[in-house]
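# Results of the structural survey
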Amino acid sequence: MGNVRVHFSMSLDGFVADPGNGFGWLAHTTDQPELVNSYAERTGAILGGRKGWDQMPDPSAAYNGQFVGKLFILTHHPEDATPHDGVTFLTCDVAEAVRIGLEAADGKDLEVFSPTIARQLIERGLLDEIALHIAPVLLGDGLRLYDNPGGAPIHLHRLDTADAHSEVDVRYRPVRETISP
């Protein structure tokens, strides 16, 4: 059986979407094609949320059109969702949505493209991995990867190093706009 993975590009300050749930801020970043290919190959199904679907109701956008698998959208109101061939709208509990998604993934991974669903999966112990691509931008506002005010910290183990508790080191320089006289 595949893993349940939350997968996002994220701003350095922890946002996965802008205040309007948009992704236009990613236009100034570049993909890593080999990484995109790797995730597309390992993913058998995607579970997304309604806000993301309403923002971008196009299944071909997943992994730059390389994704071949089932797409599920978890929503309380499927009756007014934009339908699309190959997209299944689910109204069940998040645990049932994961079960359905993993079954459809047929041994591959289930990717979760919703921070709201991700938070529920973390709280229920149903998440296997968090994959992040940190974009060189500070948004200052928007939809956070994980938002749980007053909740206990969730400690994570790094998967790409021998020291599972080590910090990730990134270095950036602010872009300075030139001002014309």
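Everything below is about the structure shown above.
The written sequence of each chain sets the order in which its residues are numbered from 1. Given that this is a predicted model, residues contribute local features only at a pLDDT of at least 70 and side-chain atom pairs are listed and counted only at 80 or more, while totals for whole chains, interfaces and linings are drawn from all residues. Just so you know, side-chain values use all the structure's heavy atoms and leave hydrogens and water out.

The next point concerns the nonpolar core. Counting 22 residues, the largest nonpolar core has Val 4, Leu 47 and Leu 121 as its most contacted members. Elements supplying a minimum of two residues to this core: strand 1 (4-11), strand 3 (43-49), strand 4 (70-74), helix 3 (94-105), strand 6 (109-113) and helix 4 (115-124). With five residues, helix 3 is the single largest residue contributor to this core. Here, residues are in contact when the closest pair of their heavy atoms is within 4.5 Å. Leu 121 has contacts with Val 4, Val 94, Val 98, Val 112, Leu 126 and Leu 127, leaving out every residue within four places of it along the chain. Judged by nonpolar contacts, the second largest core, of 12 residues, contains Trp 53, Leu 71, Ile 73 and Val 87. Nonpolar cores are built from buried Ala, Val, Leu, Ile, Met, Phe, Trp, Tyr and Cys residues. Side-chain atoms within 4.5 Å join them into one set. Summary of the burial criterion: residues with accessible area below 20% of their type's maximum are buried, those above 50% are exposed, and those between are partly exposed, where the area comes from a 1.4 Å probe applied to protein chains only. Helix and strand definitions follow DSSP, with helices as H or I runs of at least four residues and strands as E runs of at least two, each counted in order from the N terminus.

The terminal C-alpha atoms of helix 3, which comprises 12 residues, lie 16 Å apart, in line with the 16 Å expected from a rise of 1.5 Å per residue. Of the surrounding secondary structure, the elements contacted by the buried residues of helix 3 are strand 1, strand 3, strand 4, strand 5 (87-90), strand 6 and helix 4. Throughout this description, a polar contact denotes any pair of N or O atoms lying within 3.5 Å of each other; where both atoms belong to protein, one of them has to be capable of donating a hydrogen while the other can accept it, and for residues adjacent in sequence the pair is counted only when both atoms sit in side chains. With a side-chain oxygen positioned 3.0 Å from the backbone nitrogen of Ala 95, the residue opening helix 3 is Asp 93. A positive phi of about 50 degrees marks Asp 106, the residue just after helix 3. Residue count minus one, scaled by 1.5 Å, sets the expected span of a helix.

As a further point, take the pairing of strand 3. Where burial is concerned, most of strand 3 is hidden: seven out of the seven residues are buried. Pairing between strand 3 and strand 6: five bridges, direction parallel. Pairing of Leu 47 across the sheet is with Val 112, part of strand 6. In this sheet, strand 4 lies alongside strand 3 in parallel orientation, the contact comprising five bridges. Residue pairing in the sheet places Ile 46 in a bridge with Leu 71 of strand 4. Here is how to tell: hold the view so the strands point away, follow the path from the first strand over the helix to the second, and if it runs clockwise the crossover is right-handed. Crossover strand 3 to strand 4 through helix 2 (residues 50-55) is right-handed. When DSSP finds two or more bridges between a pair of strands, those strands are recorded as paired.

All right, on to the sheet that holds strand 7 (residues 129-135) then. Across the sheet, six strands lie side by side as 5-4-3-6-1-7; this open sheet has parallel pairing. If you trace the sheet from one side to the other, it starts and ends with strand 5 and strand 7, each paired once. When strand polarity is set aside, the average angle formed by the axes of neighbouring strands in this sheet is 25 degrees. For strand 1 and strand 6, the ladder comprises three bridges, and the chain directions are parallel. Bridging across to strand 6, Arg 5 finds its partner in Glu 111. The sheet contacts of helix 3 involve strand 1, strand 3, strand 4, strand 5 and strand 6, and relative to strand 3 the element is tilted by about 155 degrees. Angular values range over 0 to 180 degrees, each being the angle between N-to-C directions of two axes fitted as lines to C-alpha atoms, with helices fitted over their stretch in contact.

A word on the pattern of salt bridges. In what follows, salt bridge is the name for a side-chain nitrogen of Lys or Arg lying within 4 Å of a carboxyl oxygen of Asp or Glu. In this structure the tally under the stated criterion is 11 salt bridges. In this structure, the salt-bridge partner of Arg 5 is Glu 111, at a minimum N-O distance of 2.6 Å. Of this pair, Arg 5 sits in strand 1 while Glu 111 is found in strand 6, placing the two residues 106 residues apart along the sequence. Of the two residues examined, Arg 5 and Glu 111, each falls in the buried class. Residue Arg 99 pairs with Glu 96 through a salt bridge whose shortest N-O separation is 2.7 Å. Taken together, the residues Arg 99 and Glu 96, both in helix 3 and three residues apart, mark about one turn of the helix. Salt bridges sharing partners connect three or more residues here, namely Arg 5, Arg 42, Asp 109, Glu 111 and Glu 129.

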